[in-house]
Amino acid sequence: MSIVHEVFESVKRRDPDQPEFHQAVWEVLESLEPVLAKHPHYADVVKRIVEPERLIHFRVPWVDDSGAMHVNRGFRIQFNGAIGPYKGGLRFHPSVNASILKFLAFEQVFKNSLTGLAMGGGKGGSDFDPKGKSDAEVMRFCQSFMMELWRHIGHNLDVPAGDIGVGGREIGYMFGMYRKLRNDHESGVLTGKGLDYGGSLIRPEATGYGCVYFAREMLATKGKSFDGATVAISGSGNVAQFAAEKVLDLGGKPVTMSDSSGWIHVPGGIDRAMLASIMDLKNNRRGRLSEMASMDGVTYTAAQPEPSLNGLWGVNVDVALPCATQNELNGEEAAMLVANQVIAVAEGANMPCTPEAVTAFQNAGVLFAPGKASNAGGVATSGLEMSQNSLRLSWTREEVDERLETIMVNIHKNAAAAAKEYGREGDYVFGANVAGFRKVADAMIAQGIV
Ligand code: NDP
């Protein structure tokens with residue numbers, strides 16, 4: 001049995017109930033087979049790299065507005081700190097469990113390495129659902145969460161950020177509690193902060209913008225661009241909103257968005273005014289996309305339970321940007337996009353395409369960007385936020401955007417070059433895995449067996 005199969009079998013044997021983690025591990029290990037054949041000294045690193053350095057699991061009790069007590073689970077996975085402090089978001093969603101957070105933390109290790117910045121990989125969160133909760137309830141939950149997490153994080157140790165269900169409001173409440181407990185204004189301990197207390201311009205935009213920059217680079221390899229292109233976007237949260245904005249900036253036409261209840265199709269294109277009302281609906285009124293159904297030119301379709309296919313992926317588009325959640329686009333849905341001659345797919349979310357979907361795109365010659373490369377702009381800009389915090393300076397919008405764009409162009413270049421080196425030209429999954437792995441693996445070897 002080859003070393004990667006041996007390692008994968010041991011991962012499955014040790015944690016048989018963690019399918020998302022297995023999926024993420026296999027996707028990386030599969031790419032490493034030719035690397036290990038050429039550089040056998042990486043074998044021991046592969047055995048270590050699939051095991052988190054530390055997994056923290058804690059109780060989060062909180063009281064709702066009616067006085068009733070609830071208990072949620074809190075987690076922080078400190079997966080790999082070889083190249084820098086652990087870095088990765090916090091997710092608040094009822095589906096959160098150890099498998100999902102381990103998959104996200106594992107992905108984060110390679111993603112952060114690809115950015116070229118000194119950041120290790122981590123992830124955390126809770127099975128708390130912020131949907132339908134009052135601001136006061138969210139605040140009490142965040143405070144209780146931080147009452148345990150604070151002792152495990154720090155600006156040189158572990159720097160959490162947002163993810164699904166954790167935006168500026170939640171980061172603010174958590175930062176406030178951290179500051180109180182530490183009795184220290186340690187601004188670099190969390191990223192995604194408000195501009196008034198150490199946040200960076202462009203951080204909210206960064207993941208969506210970065211994803212579109214990466215897709216632009218892929219399209220350019222085929223002499224194509226976003227100008228006049230139709231684009232299917234899923235999700236309507238942080239990543240999806242700013243992906244749509246950058247598509248508009250580059251002359252493209254976003255025609256779909258979604259939430260967990262359904263999706264909208266706007267054949268004439270979501271313009272800036274409509275995008276502004278979607279942002280207001282989601283970020284301020286915290287409503288549902290179904291409320292857009294009555295607008296001119298908008299068709300709303302309610303989500304159907306599986307195994308129904310998501311009709312959003314049946315819309316005829318040039319580019320698809322899945323920006324909602326993991327495994328939201330399966331093999332059959334990929335086949336619909338391929339049948340409509342989609343040119344490029346870039347993952348804004350983490351692992352939104354199932355392995356069958358990725359294979360369908362690659363077999364059809366569709367340009368495909370894995371999230372660890374195409375959504376790395378968010379964490380890269382979090383890294384830029386940490387730099388500004390250390391310098392006690394704030395860079396302008398243009399300055400941060402320019403750095404973000406350069407980082408995305410470099411990630412594209414490095415992933416493409418690693419793929420070419422192994423005769424896998426155009427295979428961004430392979431290229432991103434190999435380029436991300438090498439830096440972390442070399443650092444782990446240099447630091448000895450720890
Ligand atoms: P948000 O919470 O802002 O938005 C998530 C969006 O996805 C919402 O529209 C939500 O709909 C939808 N969604 C969530 N879960 C499901 C589900 N199970 N089925 C269908 N739709 C769902 O999160 P973000 O935009 O921050 O994150 C989206 C993805 O991008 C995630 O995979 C995240 O890990 C990834 N990512 C985020 C980064 C960031 O900087 N924020 C950085 C890199 C990756 P609803 O409101 O109905 O729940």
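Right, let's walk through the structure included here. (Residues numbered from 1 in each chain as written. Predicted model: local features only at pLDDT ≥ 70, side-chain atom pairs only at ≥ 80, totals over all residues. Heavy atoms only, no water.)

**What to know about the packing of helix H7 (residues 203-220) against helix H8 (residues 238-249)**
Direction vectors running N to C along H7 and H8 enclose 50°, while the axes themselves pass 7 Å from each other. In terms of their interaxial angle, H7 and H8 are classed as oblique. In terms of crossing hand, the pair formed by H7 and H8 is right-handed. Where H7 approaches H8, its residues Pro204, Glu205, Thr207, Gly208, Tyr209, Val212 and Tyr213 are matched on the opposing element by Asn238, Val239, Phe242, Ala243, Glu245, Lys246, Val247 and Asp249. Residue composition of the contact of H7 with H8, grouped by class: 8 nonpolar, 3 polar and 4 charged. (Axes fitted to C-alpha atoms, helices over the stretch in contact; angles between N-to-C directions. Helix = DSSP H or I, 4+ residues; strand = E, 2+ residues; numbered from the N terminus. Parallel < 35°, antiparallel > 145°, perpendicular 65-115°, else oblique. Left-handed = near helix turned anticlockwise from the far one by under 90°. Contact = heavy atoms within 4.5 Å. Nonpolar A, V, L, I, M, F, W, Y, C, P; charged D, E, K, R; others polar.)

**A look at the nonpolar core**
Among the nonpolar cores identified, the biggest contains 96 residues, and Phe106, Ile233, Met257, Ile264, Leu321 and Phe437 are the most heavily contacted of them. Sorting elements by how many residues they give to this core places helix H15 (residues 428-446) first, with 10 residues. Apart from the residues lying within four places of it in its own chain, the contact partners of isoleucine 264 are Val255, Thr256, Met257, Ile270, Ile278, Leu289, Met292, Val298, Thr299 and Tyr300. Judged by nonpolar contacts, the second largest core, of 22 residues, contains Met146, Ile153, Val189 and Leu190. (Core = buried A, V, L, I, M, F, W, Y, C linked by side-chain atoms within 4.5 Å. Buried < 20%, exposed > 50% of the residue type's maximum accessible area, 1.4 Å probe, protein only.)

**Here's the deal with helix H4 (residues 98-114)**
Look at H4: 24 Å from first C-alpha to last across 17 residues, which is about the 24 Å you get at 1.5 Å a residue. Counting buried residues in H4 gives 16 out of 17 residues, a clear majority hidden from the surface. Among the residues of H4, the N-terminal cap falls to asparagine 97, whose side-chain oxygen and the backbone nitrogen of serine 99 are separated by 3.0 Å. At the exit of H4 stands glycine 116, carrying a positive phi of roughly 85°. (Expected span 1.5 Å × (residues − 1). Polar contact = N/O pair within 3.5 Å; in protein donor to acceptor, adjacent residues only side chain to side chain.)

**Quick word on the pattern of salt bridges**
Going through the model one piece at a time under the given rule, you end up with 28 salt bridges. A salt bridge links glutamate 27 to lysine 372; the nearest nitrogen and oxygen atoms lie 2.8 Å apart. With a gap of 345 residues between them, glutamate 27 in helix H2 (residues 19-38) and lysine 372 in helix H12 (residues 371-374) connect regions that are remote in the sequence. A salt bridge links arginine 182 to aspartate 184; the shortest N-O distance between them is 4.0 Å. With relative accessibility at 36%, the residue aspartate 184 sits in the partly exposed group. (Salt bridge = Lys/Arg side-chain N within 4 Å of Asp/Glu carboxyl O.)

**Focus on H2**
In a regular helix each residue adds 1.5 Å, so 20 residues correspond to 28 Å; H2 covers 30 Å between its end C-alpha atoms and thus fits that length. In the structure, H2 departs most strongly from a straight axis at leucine 32, where the bend amounts to approximately 40° and where the proline proline 34 lies between one and four residues downstream. The set of residues buried in H2 consists of Glu20, Phe21, His22, Gln23, Ala24, Val25, Val28, Leu29, Ser31, Leu32, Val35 and Leu36. (Bend = angle between axes of the 7 residues up to and from the residue.)

**So, the sheet that holds strand S11 (residues 344-346)**
Read from one edge to the other, the open sheet built from 7 strands follows the order S9-S8-S7-S6-S10-S11-S12, with strand pairing classed as mixed. The strands lining the two open edges of the sheet, one partner per strand, are strand S9 (299-302) and strand S12 (367-369). Taken over all neighbouring pairs, the strand axes of this sheet differ in orientation by 15° on average, direction set aside. H8 rests against strand S6 (230-234), strand S7 (253-259) and strand S10 (319-322) of the sheet, and its axis sits at about 175° to S7. (Pairing = 2+ DSSP bridges.)

**Brief notes about the sheet that holds strand S2 (residues 69-80)**
Across the sheet, 5 strands lie side by side as S1-S2-S4-S3-S5; this open sheet has mixed pairing. Among the strands making up the open sheet, the edge pair consists of strand S1 (54-63) and strand S5 (158-161). Neighbour-to-neighbour, the strand axes of the sheet open up by a mean angle of 20°, direction not taken into account. For S1 and S2, the ladder comprises 10 bridges, and the chain directions are antiparallel. Opposite valine 60, over in S2, you have asparagine 72 as the bridge partner. Here H4 sits on the sheet in contact with S1, S2, strand S3 (86-92) and strand S4 (120-126), set at roughly 155° to S4.

**Considerations on the pairing of S10**
Along any regular strand, the residues point their side chains to alternate faces of the sheet. Side chains of S10 alternate between two faces, with Val319 and Leu321 and Ala320 and Pro322 buried alike. With 4 bridges connecting them, S6 and S10 associate as parallel partners. Its bridge partner lying in S10, isoleucine 233 is registered against leucine 321. Sheet topology note: the S10/S11 ladder contains 2 bridges and is parallel. In the sheet register, alanine 320 faces S11, and the bridge partner there is valine 345. Crossover S10 to S11 through helix H10 (residues 331-339) is right-handed. (Right-handed = clockwise from strand over helix to strand, strands pointing away.)

**Quick word on the state of the cysteines**
Under the defined criterion, the tally for this structure stands at 0 disulfides. In this model cysteine 323 remains outside any disulfide bridge; the closest cysteine sulfur is found in cysteine 211, 5.2 Å from its own. With no disulfide of its own, cysteine 353 lies closest to cysteine 323 among cysteine sulfurs, the gap being 10 Å. (Disulfide = S-S within 2.5 Å.)

**Observations concerning the layout of surface pockets**
Roughly 460 Å³ of internal volume is contained in the second largest pocket. Lining the second largest pocket are 24 residues, and of these Glu27, Glu30, Pro355, Val358 and Val429 lie nearest its centre. Looking at the lining of the second largest pocket, the elements with two or more residues in it are H2, helix H11 (355-363), H12 and H15. With 6 residues, H2 is the single largest residue contributor to the lining of the second largest pocket. Here the lining of the second largest pocket is composed, by residue class, of 10 nonpolar, 7 polar and 7 charged. (1 Å grid on protein atoms, 1.4 Å probe; cavity = no way out; pocket = protein on both sides within 12 Å on 5 of 7 lines; lining within 4 Å. Points joined across faces, edges and corners; volume = space filled by probe spheres on them.)

**Side note on the site of the ligand**
The full set close to the ligand counts 24 residues, and Asp163, Thr207, Ser260, Arg288 and Asn350 are the nearest of them. Residue arginine 203 places a side-chain N or O atom 3.0 Å away from an oxygen atom belonging to the ligand. Separating an oxygen atom of the ligand from a side-chain N or O atom of serine 260 is a distance of 2.4 Å. Those elements that place two or more of their residues in the shell around the ligand are H7, H8 and S7. Across the shell around the ligand, the residue classes tally to 5 nonpolar, 13 polar and 6 charged. (Near = heavy atom within 4 Å.)

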